[in-house]
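# Structural overview for review
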Amino acid sequence: MEQTFIMIKPDGVQRGLVGEIIKTFEQKGFYLRGMKLVNVERPFAEKHYEDLSSKPFFEGLVEYIISGPVVAMVWEGKNVVATGRKVIGATNPSASDPGTIRGSFAVEIGRNVIHGSDSVESAKKEIALWFPDGTVNWQSSLHPWIYE
Ligand code: UDP
Ligand code: MG
């Protein structure tokens, strides 16, 4: 099944949103395959966001991501990449639909609480970067109650 990389950014951790965010993905019916709390080093943050290195906000973005611990996670499930992006909401919280994570919990684009991979291909890259030792394979006994 498909996997995505989800990161609760430093503001999400500081604001005590870790449990709420995990709950959202868990209750939807996705499986947690990997999770760690980490202080990100600058070169690692730059690598994670390398596609955005030419953007004017890149420096500020890197400062933001290294400003405190983040929770890095791998979630698995049917269409989890696209559905995860919907659950997270639009990049700018002013445009995020109510009920999405950013729509509910964020105001500023540079304090938007959470990251989610934007495609299956970037999910693979990000998971390999953040979880080089692999993830944990398990299946919930509720599986047949969630998936046909
Ligand atoms: N960002 C920003 N200013 C912008 C655009 C993006 O500070 O004008 C930050 C924001 O935190 C965003 C991150 O850079 O989540 C990565 O940008 P991307 O376009 O990949 O948005 P995302 O995939 O996170 O929705
Ligand atoms: Mg992105």
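Residues numbered from 1 in each chain as written. Chains lettered and ligands numbered in written order. Predicted model: local features only at pLDDT ≥ 70, side-chain atom pairs only at ≥ 80, totals over all residues. Heavy atoms only, no water.

- Looking up the protein chain in an unreviewed UniProt entry gives the name Nucleoside diphosphate kinase, with the organism given as Punica granatum.
- Taken directly from UniProt, the Sequence similarities (unreviewed entry) text for the protein chain runs: "Belongs to the NDK family."
- As stated in UniProt under Cofactor (unreviewed entry), the record for the protein chain gives "Mg(2+)". (UniProt positions renumbered as here; feature names shortened; annotations may be inferred.)

## Some words on the UniProt feature "domain: Nucleoside diphosphate kinase-like" (unreviewed entry) in the protein chain
- Those places that UniProt annotates as "domain: Nucleoside diphosphate kinase-like" (unreviewed entry) correspond, in this numbering, to residues 1-138.
- The span residues 1-138 shows a helical share of 41% and a strand share of 17%, and its end C-alpha atoms are spaced 12 Å apart. (Helix = DSSP H or I, 4+ residues; strand = E, 2+ residues; numbered from the N terminus.)

## Side note on helix α5 (residues 80-88)
- Considered for burial, the residues of α5 that qualify are Val80, Val81, Thr83, Gly84, Val87 and Ile88.
- Where α5 is buried, its residues contact β1 (3-8), α2 (18-28), β3 (70-76), α6 (101-105), β4 (114-116) and α7 (120-130).
- Immediately beyond the C-terminal end of α5, within one or two residues, lies glycine 89, with a positive phi of roughly 95°. (Buried < 20%, exposed > 50% of the residue type's maximum accessible area, 1.4 Å probe, protein only. Contact = heavy atoms within 4.5 Å.)

## A short note on unusual backbone geometry
- Positive phi outside glycine occurs at asparagine 79, with the angle close to 55°.
- With respect to the secondary-structure elements, asparagine 79 resides in the loop between β3 and α5.

## Quick notes on the sheet that holds strand β2 (residues 31-38)
- In space, the four strands of this open sheet follow the order β2-β3-β1-β4, with antiparallel pairing throughout. Among the strands making up the open sheet, the edge pair consists of β2 and β4. Ignoring which end each strand starts from, the neighbouring axes of this sheet average 15° apart.
- Summarising the sheet, β1 and β4 pair through three bridges and their orientation is antiparallel. Counterpart to isoleucine 6 in the pairing with β4 is glycine 116.
- Sitting on the sheet, α2 is in contact with β1, β2, β3 and β4, with an inclination near 5° to β3. (Pairing = 2+ DSSP bridges. Axes fitted to C-alpha atoms, helices over the stretch in contact; angles between N-to-C directions.)

## So, the site of ligand 1
- Inspection of the region around ligand 1 gives Lys9, Tyr49, Leu52, Phe57, Leu61, Arg85, Thr91, Arg102, Ile109, Gly110 and Asn112 as its neighbouring residues.
- Residue lysine 9 places a side-chain N or O atom 2.9 Å away from an oxygen atom belonging to ligand 1.
- The fraction of the free accessible surface of ligand 1 (500 Å²) that becomes covered by protein chains is 77%.
- A per-class count over the shell around ligand 1 returns five nonpolar, three polar and three charged. (Near = heavy atom within 4 Å. Polar contact = N/O pair within 3.5 Å; in protein donor to acceptor, adjacent residues only side chain to side chain. Areas by Shrake-Rupley, 256 points an atom, 1.4 Å probe, with all protein chains shown as cover. Nonpolar A, V, L, I, M, F, W, Y, C, P; charged D, E, K, R; others polar.)

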